[in-house]
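Reading the structure
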Amino acid sequence: MATNGPSYYELYRRSSIGMALTDTLDDLISERRIEPQLAMKILANFDRSITEVLNEKVKARLTFKGHLDTYRFCDEVWTFLIKDVTFKMENSSQTVQADKVKIVSCNSKRPGDPQ
Amino acid sequence: MEEIQYPQSLGEVEALILQLYQPGSPHRVGKIQETLQSLQRSSDGWQLANSLLGNADEKVRFFGALTFIVKLNTDSKSLTEEEAKGLLQNLINWLIQSLEAPGGPLVVKKLCSVLVAYFMHFSESWKQCVKHIILSLSANNGVPYDAVESAPDTANLMEGLSDAKLLAIFWFSTSLVEEVGKTDSASMKQNQFHRHLLPNIADIVNLLQKTALHDPPNLNQDSKIRQESMRCYQAWVHYSHRAFIDSEIVLEPLRALTRRAIMCLLQDDLYEVTIELFTDVLANYSRFFGEEDFKLLYSLFTSPWAQQRYDRLIQGDFDFDSLQFGMFLIAFGDATVQDLVRNLDTDSQARHLLSSLCGLLGATGPIINEDKIFVPAVEFWATFVETMIDYSYSEDGKTPPWFQSALSYLMKAVENCWRKIQFPPMDNFKEWDSAERTAFKDARKDVGDLLEQSYTQTGSVIFSMFVDLILRSLENEAWAELEASIYCLNSFADCISSDQEACDALLDKVFGSSIFALFTDPEKDMPPRVRQTFLDLIAAYPNHFERHTKYLPNALDLLFKAVDSLPRLAVTASKSIHSLCSSCRNVLVPEIGAFLQQYSKLAGVASLDSLAKEKITGAIASIIQAIPEESSKVAPVSQLLSYVEEDMQQCLHILASWPSQQSQTGSTMGSLPNPAEQLLEGASARCLGSLRCLESMAKGLQVPSDVPVDLDTSSTLAPLWLTGEGASIQQRILRMIITALDTFQGRGDVVEAVCYIFRAGFTETEPGPFVLSVADVATIIMRFGIQTPRLGFTINTACSLVSSQCVGSAQRIDGVARDLLIWVTDLMLALEEPSNDTEIAQNGIDFLSRLVSKHLEVLITHQPSSSLEYLFMFTLKSLTGKDFLPKASAAEFWAHLLASNGNESHIQATLDSMLQHLGPLLAEALIYNIAGNAARSELDKLSEPLKKLVANQVRSKNWLEAALQGANFPSEKVTDAEKRVFLQKVMSLRGARGTNQVIRDFWLACRGSNFAYAS
């Protein structure tokens, strides 16, 4: 199905894998091996693929507990600031502690969808 | 290698094309392609395309059509308006000729693509392209586009068109809308494709109404035509979604056809394409359907046709078409889930649909291996629960009228899931491939998630259901059911806190039943998986055992028996022991002797898994930690340590049986014969196991983070562990560590394990057996040289050491920090360049950063001064290098240094004087990066030192100005004026957050517009 560009969030571009991809695309453009238009398409594909892969393929789970410090819902984006967070990974007794965690969550339905 | 001659005649070109399809070396094929592509792009390309299309060979004609596409994409701007019009007529004529030519549809389809490519470049002058194609095909000649205005209606034009021509029209119409749909938003706006496509809608609707969407259905028509017609409708409906997203354009005429399309589901030859269309649209663009469409779909699902298909699926027919029906049902459920929830009380159709969706979870056949509808159905039920949660919260505390009905359906769905996630008989399961087995376990996790979600709505009711199922299956000794029930109960471990009392009472029923007796009965022939899941259950609810200590003996007895007698379950059981002992440590203190005795038996078992040993050692250590009197801990710690020492002794014993010159280092292992290698591997594994047991002990002895801290009590414990009776314990620990390092100095995993033991002590605020003297730890760390494996991790451990402050020891560690700095400096000197080992460089710079935070004086008074200068230059070299990690660490180091304040005036003065010298160099390194040399992802990191420089150094403006104007400025794309503006902006922001964006913009300006494709 032809669903392109605007249907997917660009927020994963700021993830480490997204930034690594952008750096690589920058290098390829610098070396004149690709054009910026292709880089744009690759990033658009990345937006789609990472959303789909995280949704469909990632089965690992973790649970976390902490104190909800601030929350807001603005422009269809939920933001939670949580303090003293303990993460518990699946299949591991190890926990990870963090003083402060920010969770930004967007509607999984793509913009323009009715629900 | 044979070279390709540039063709001089049409015949030679044709021969070259035909050679492409002959087997040949990849190099030759590449060369042919290169030659042909240069011909295609040449100024004779248009003529070449025409000539090739006149050839009798289909492959040559295909290449001719391809040449038109290449020319359109590269050279269309060179055509005048008249030439473009002529080209269009010419292309349509080629299409008509190709339809009459013998051969397959390959060339015709390619020519349809050529016409689409033409539209992409000349859409403004070819808006009614579909009608123009129909008109030309009906006239059997490429008529001028102007003739479209006076032409009769499309429906009339279509009369008498051959099947081949109809097919070509559909291929063109489908390809047209698919290609336009693929264009990006900017191009869509620029070329106004939506606006140019809209005039074709009426023609498309006419086409469809004459074919697949004819009312009544024209079953005499060739099914190929009807299928292509339906595919065309599918493509246009998908496009309408894009048009709606981009410009909120609703393609009403297409919506008017939905009811006719629904009826196509009942026609066998159109079923597959139609159901795919409806499933996609329901899942992604259900707004496309109107109320009447939904009514019709509802009634369709209650029709005998749907019932028949549903029954087939439920009875285990998972063929493609049957599965498609299931996906269609789920997509409809997803699209209407809000209505389903709210109207459940009043709408019988909603109830019917929900029953069907519930039934999908109970299809015949094992999930994954056969039943492919189960996982999508579980996802639907997760959406259903989410919707219930949404509506429940919007009801202001009142129970909504639909709630009880929804709950009963949910419980039914959960029960179906429970049945389906039961493991098949082991022999069957083993026959599945590994992907299926993994997918089966993933499906169980999905069900676990659904249960967790459902708990928010059902409360303890669902918990109670699984408790009853456990008790029932216990009674019947139905192992698969018992396993699934326990698995489901495990899923609630993280969510029952709100309803703890009720759940505790229910768990009492389980643990108070005959369950422990059953699991310890050697006569029972239960599959190991059931035992494993039960052990998981014990580990999942440690707090329950803490509150109900009467079950602890049974649980621990079972777990230790499992470790002892069931090697496959030893690790699971030991993890459960660890979990229970850690949670119930205070209750178990009186039993410490029994635990040590139990472990003494286990520790002697040679086959006991090292991970199991590690876990049990940690478990016992956590009980020791809970002993209130510090002095009473010495004896049990000593005893536990002796078991670990025994393992280490055995390791040495193994090694002693081999010639010492061979066993000294890991590096000689490669030259040993095989049995010796195996023996050495065994010895090193034992050594590693001992070290990991030490680490586990150290972690078990850590004070839990949730205990209260008594601020009034001054620590008097230091002598016990450092100089008192506990000191010998520390000495024994150190001896073991040194022995391990001496024996296996070439092994990175041994070095790493030692570092982990040290780290476990660093986090403690009170003295303890593993809170070793910093001097001892530093002495061991400083044994490592540039050749030591995992040296980066070791330096990182030194970082943790200088950052940790042991309250009990109450000592400044400046002396140790000074020694460690000398060690790090030597390593960096030996390294020479940061790029020679980025891990060491990064960790070395991190160490300097820690000194800045905690021991600034140690750093800035480092002697000799040339050594200190080397360190600063090393960080600047890292900053201008290409490697990300040292660069990030260097940026952080400078940000720390620039922001630091010496507590004493002489320290501050030294620091200031150093920065006056280093400031210009730092400014130059930062500008070198910001002016385009840094990677985009490094900019935020590099912004930090620049912000601190601007905020803290009065001469920063001069330094930055000099760097911007200096010879090393790497970009020629920015003018002096732009540099000035940049500097002005950075200075006026005074280190505020906005600096990051200013830096990003300047980086972009220095790199050029080619890099503006991403924000």
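Look up a bit, the structure's there.
Throughout this document, residue positions are counted from 1 along each chain, in the order its sequence is written. A letter from A marks each chain and a number from 1 marks each ligand, given out in the order of writing. Owing to the predicted nature of the model, reporting of local features is limited to residues with pLDDT of at least 70; listing and counting of side-chain atom pairs is limited to 80 or more, with chain, interface and lining totals taken over all residues. As a rule here, side-chain values come from all non-hydrogen atoms in the structure, and water together with hydrogens is ignored.

All names here are of chain B. Note on aromatic pairs: the rings of Phe, Tyr and Trp (six-membered ring only in Trp) are paired at centre separations within 6.5 Å, and the planes decide the class, stacked below 30 degrees, edge-to-face beyond 60, tilted for the rest. Counted under the stated rule, the structure contains 54 aromatic pairs over all chains. For the ring pair Trp-236 and Tyr-239, a centre distance of 6.1 Å and an interplane angle of 75° mean the geometry is edge-to-face. Placement of both Trp-236 and Tyr-239 in helix H13 (residues 223-247) is noted, with a separation of three residues, approximately one turn of the helix. A single burial state applies to Trp-236 and to Tyr-239, both of which are buried. With a centroid separation of 6.1 Å and 40° between ring planes, the pair formed by Phe-466 and Phe-492 is classed as tilted. One end of the pair, Phe-466, is in helix H26 (residues 460-476); the other, Phe-492, is in the loop between helix H27 (479-490) and helix H28 (500-511), with 26 residues separating them in the sequence. When the ring centre of Tyr-21 is taken as origin, the NZ or CZ atom of Lys-59, which lies over that ring, is 5.8 Å away. Directly above the ring of Phe-969 sits Lys-979, whose terminal nitrogen or CZ lies 4.1 Å from the centroid. Each helix corresponds to a stretch of at least 4 residues labelled H or I by DSSP, and each strand to a stretch of at least 2 residues labelled E; elements are numbered beginning at the N terminus. Accessible area is worked out with a 1.4 Å probe on protein chains only. A residue is then buried under 20% of its type maximum, exposed over 50%, and partly exposed in between. Working rule: Lys NZ or Arg CZ, within 6 Å of ring centre, within 35 degrees of ring normal, means a charge sits over the ring.

Moving on to H28 of chain B. Residues and elements named next belong to chain B. In this scheme, a helix's expected span is set at 1.5 Å multiplied by one less than its residue total. For H28, spanning 12 residues, the distance from its first C-alpha to its last is 16 Å, which sits close to the expected 16 Å at 1.5 Å a residue. Looking only at H28, the buried set comprises Cys-503, Asp-504, Leu-506, Leu-507, Val-510 and Phe-511. On an axial view of H28, the arc spanned by its buried residues comes to 165°, and they lie on one face. Residue contacts are counted whenever heavy atoms from the two residues lie within 4.5 Å of one another. Of the surrounding elements, those touching the buried residues of H28 are helix H25 (434-458), H26, H27, helix H29 (515-520), helix H30 (528-540) and helix H31 (542-547). Note: the arc covers the axis-to-C-beta directions of the helix.

All names here are of chain A. Judged by pairing direction, the sheet is antiparallel, and its three strands sit side by side in the order E1-E2-E3 without closing on themselves. In this open sheet, the two edge strands, each paired with only one partner strand, are strand E1 (62-74) and strand E3 (95-106). Strand-to-strand, the axes of this sheet are offset by a mean angle of 20°, without reference to chain direction. Strands are labelled as partners when DSSP assigns at least two bridges between them. Across 11 bridges, E1 lies against strand E2 (residues 77-89) in antiparallel orientation. Note on E2: the bridge partner recorded for Arg-72 is Thr-79. In this analysis, axes come from line fits to C-alpha atoms, helices being fitted only over the stretch in contact, and the angle between any two N-to-C directions falls in the range 0 to 180 degrees.

Glancing now at a nonpolar patch on the surface. For patches, a residue must show more than 30% relative accessible area and have no salt bridge; joins then use 9 Å for like charges and 5 Å for nonpolar side chains, namely Val, Leu, Ile, Met, Phe, Trp and Tyr. Here the open area of atoms and residues is found with the Shrake-Rupley method and a 1.4 Å probe, where only the protein chains shown may cover a residue. Any carboxyl oxygen of Asp or Glu that lies within 4 Å of a side-chain nitrogen of Lys or Arg is treated as forming a salt bridge with it. A surface patch of nonpolar side chains, about 310 Å² in accessible area, is lined by Leu-62, Phe-64, Met-89 and Val-96 of chain A. For Met-89 of chain A, a relative accessible area of 30% gives the class partly exposed.

The next point concerns the packing of helix H5 (residues 81-100) of chain B against helix H7 (residues 129-139) of chain B. All names here are of chain B. As a packed pair, H5 and H7 sit with axes 10 Å apart at the nearest point and diverge in direction by 55°. Viewed along their axes, H5 and H7 adopt a mutual orientation that is oblique. Handedness of the crossing formed by H5 with H7: right-handed. Residues Leu-88, Ile-92, Leu-95, Ile-96 and Leu-99 of H5 touch H7, and the partners they reach there are His-132, Ile-133, Ser-136 and Leu-137. An angle below 35 degrees is read as roughly parallel, one above 145 as roughly antiparallel, one from 65 to 115 as roughly perpendicular, and any other as oblique. Crossings are classed by handedness, with left-handed meaning an anticlockwise turn of the near helix from the far one by less than a right angle and right-handed meaning a clockwise turn.

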